[in-house]
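# Report on the structure
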Amino acid sequence: MTKRITLKLIAACAIAACASGAFAQETIKIANIVELSGGGATAGTNFKNGVELAVKEINADGGILGKKIETITTDTQSNPGIAKGLTQKAIDNDVFAIFGPVFSGSIMVSMAESRRAEIPNFTGGEAASITKQGNPYVFRTSFTQETAMPKVARYINQVVKAKTLAVIYVNNDFGKGGLDSIKKALAGTDTKIVAEISSDSGQVDFSAPVLKAKQSNADAVFAYSNEEESARMLRELRKQGWTKPIIGETTLTGQKVIDLAGDAANGAIAHVGLTVDAPIPAIRAFRAKFEKAYGYISDHNGMKGYSGIYVLKAAIEKVGKLDRKAVAAALHGLKVTTDKYPGVLMNVEFDKNGDLDRESFMVEVKNGKQEVIAMVPPLNAANVNAKMKK
């Protein structure tokens, strides 16, 4: 009888621990659900490598709360349906957190599963709609479009002083969200969008979209697509003799784009949340470590994965225990500084929606490399209208 009561008490305690989100495994399992093939392979591979580099560092330093991190990496093949299935498998595997997918269309589908399981889910996706669903378990390692676009819009209006703008965007969740956000950010300024030109994900021939941009006679073009397509777009713009400003966001001037576009990338300008070329010691150190580990220079996606792991570490250590629900709650409103966590690369603050805010950069491609031409303050900083100079 006594043995039976003891077993019941043990079972009851185990059930209570699960219900509270407690995590009693020997390692902290993290699912890395990313695009390793298909159209998102560049973004997903960089993100994965950044995550794994941070995990290796943290484990070498004793782990988190004395426990080592274990990563389980799977390939979404850049397919939202596969991403959803892999998220379900990760949940079955009782992971503590999920990193990825990176593509907005995939995280929009898969995050419903991590939400139901009450598992913190970090993404590099930028579509504004991701954090508008009221999901308390999704967190960005990148800017949302609604944080980034006001910054680039100020540059277009105040520095470039473009009166008219043509927008070439990719026709998916990411691209349509970007179009809506840049339109909203420019509303009320004297910069008018005179052409909205859609392109397809994976599009090879950009002659028609570029011709439409030229025919609009706009003062500048805003190019908003994925990395490989951005490179093709830049080559076509130069081929058709476009000499006016080419402005975009992070995906326009990444190292992969520069490598693919060659000389056609020179002169392209973009607002970037993260760049390995930033004149910041922590970022320069990351660049060197990443290049040594993987043999190439990271893009912004590698930085997103890397810094995201350190954000998770900061949240867990703030809570003081491995409790998924408590960690997710702690991430809302969390401020992480580089003096305590250099791995976050830049001081960062999360809001109630899981969106982040921090300083960022305007960059220009010169001689095949990104060069920082301006620092941009956090969107919510008091000095938000600080003058930007080339």
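Residues numbered from 1 in each chain as written. Predicted model: local features only at pLDDT ≥ 70, side-chain atom pairs only at ≥ 80, totals over all residues. Heavy atoms only, no water.

### Examining the overall build of the protein chain
On a plain count of helices and strands, the protein chain comes out with 12 helices and 15 strands. For 390 residues, the compact-globule estimate of 2.2 N^0.38 gives 21 Å, and the C-alpha radius of gyration of the protein chain, at 22 Å, lies within 12% of that figure. Dimensions of the protein chain, computed from C-alpha atoms along their principal axes, come out at roughly 85 × 40 × 40 Å. The 390 residues of the protein chain split such that 54% are buried. Considering only intrachain contacts with a sequence separation of at least 6, the fraction spanning at least 24 residues in the protein chain is 65%. (Helix = DSSP H or I, 4+ residues; strand = E, 2+ residues; numbered from the N terminus. Rg over C-alpha atoms; globule rule 2.2 N^0.38 Å. Buried < 20%, exposed > 50% of the residue type's maximum accessible area, 1.4 Å probe, protein only. Contact = heavy atoms within 4.5 Å.)

### Re the pairing of strand β7 (residues 192–199)
Here strand β6 (residues 164–170) runs beside β7; their pairing, made up of seven bridges, is parallel. Within β7, the residue paired with V170 across the bridge is S199. Taken together, β6, helix α6 (residues 173–186) and β7 constitute a β-α-β crossover, and its handedness is right-handed. (Pairing = 2+ DSSP bridges. Right-handed = clockwise from strand over helix to strand, strands pointing away.)

### As for the nonpolar core
Grouped together as the largest cluster of nonpolar side chains are 79 residues, with contacts concentrated most on F99, L234, I309 and L312. A total of nine residues in this core trace back to one element, the largest contributor, which is helix α11 (residues 300–319). Apart from the residues lying within four places of it in its own chain, the contact partners of L234 are I246, L252, V257, A261, A264, A265 and A268. Of all hydrophobic cores here, the second largest spans 17 residues; its members include I156, A162, F222 and I247. (Core = buried A, V, L, I, M, F, W, Y, C linked by side-chain atoms within 4.5 Å.)

### Things to note about the sheet that holds strand β9 (residues 246–248)
One open sheet accounts for seven strands, arranged β7-β6-β8-β9-β10-β14-β15; its pairing is mixed. For this open sheet the edge positions go to β7 and β15 (369–376), each flanked by a neighbour on one side alone. Strand after strand, the sheet turns through a mean of 25° between neighbouring axes, direction not considered. As defined by bridge partners, β6 adjoins strand β8 (residues 220–224) across five bridges and the pair is classed as parallel. Among the inter-strand pairings, Y169 is bridged to a residue of β8, identified as Y224. Contacting β6, β7 and β8, α6 crosses the sheet at an angle of about 160° to β6. (Axes fitted to C-alpha atoms, helices over the stretch in contact; angles between N-to-C directions.)

### Some remarks on the confidence of the model for the protein chain
Mean pLDDT over the protein chain stands at 91; residues scoring 70 or higher make up 91%. Confidence drops under a pLDDT of 50 for residues 1–21, and excluding neighbours within four residues, the segment shows seven contacts in the predicted structure. Segment residues 382–390: pLDDT under 50, and 20 contacts once partners within four positions in sequence are set aside and those in other chains are kept. (pLDDT = per-residue confidence, 0-100.)

### Considering the packing of helix α3 (residues 80–92) against helix α4 (residues 104–116)
A pair of packed helices is captured by two measures, namely the crossing angle of their axes and the spacing between those axes. Two elements in contact, α3 and α4, have axes separated by 8 Å at closest approach and are oriented at 25°. Of the possible angle classes, the one that applies to α3 and α4 is roughly parallel. You can see that α3 and α4 cross each other, and the crossing is right-handed. Each of P80, A83, K84, T87, Q88 and I91 in α3 lies in contact with α4, whose residues at this interface are G105, S106, V109, S110, E113 and S114. Here the residues of the contact of α3 with α4 are counted per class, giving four nonpolar, six polar and two charged. (Parallel < 35°, antiparallel > 145°, perpendicular 65-115°, else oblique. Left-handed = near helix turned anticlockwise from the far one by under 90°. Nonpolar A, V, L, I, M, F, W, Y, C, P; charged D, E, K, R; others polar.)

### Comments concerning the pattern of salt bridges
A full pass over the atoms with the stated rule returns 15 salt bridges. Taking the shortest distance from any N to any O, the salt bridge between K184 and E146 comes out at 3.9 Å. With K184 in helix α6 and E146 in helix α5 (residues 145–160), this pair connects stretches of sequence that are 38 residues apart. For K184, a relative accessible area of 60% translates into the label exposed. Residues participating in the shared-partner salt-bridge network are K84, E113 and R116. (Salt bridge = Lys/Arg side-chain N within 4 Å of Asp/Glu carboxyl O.)

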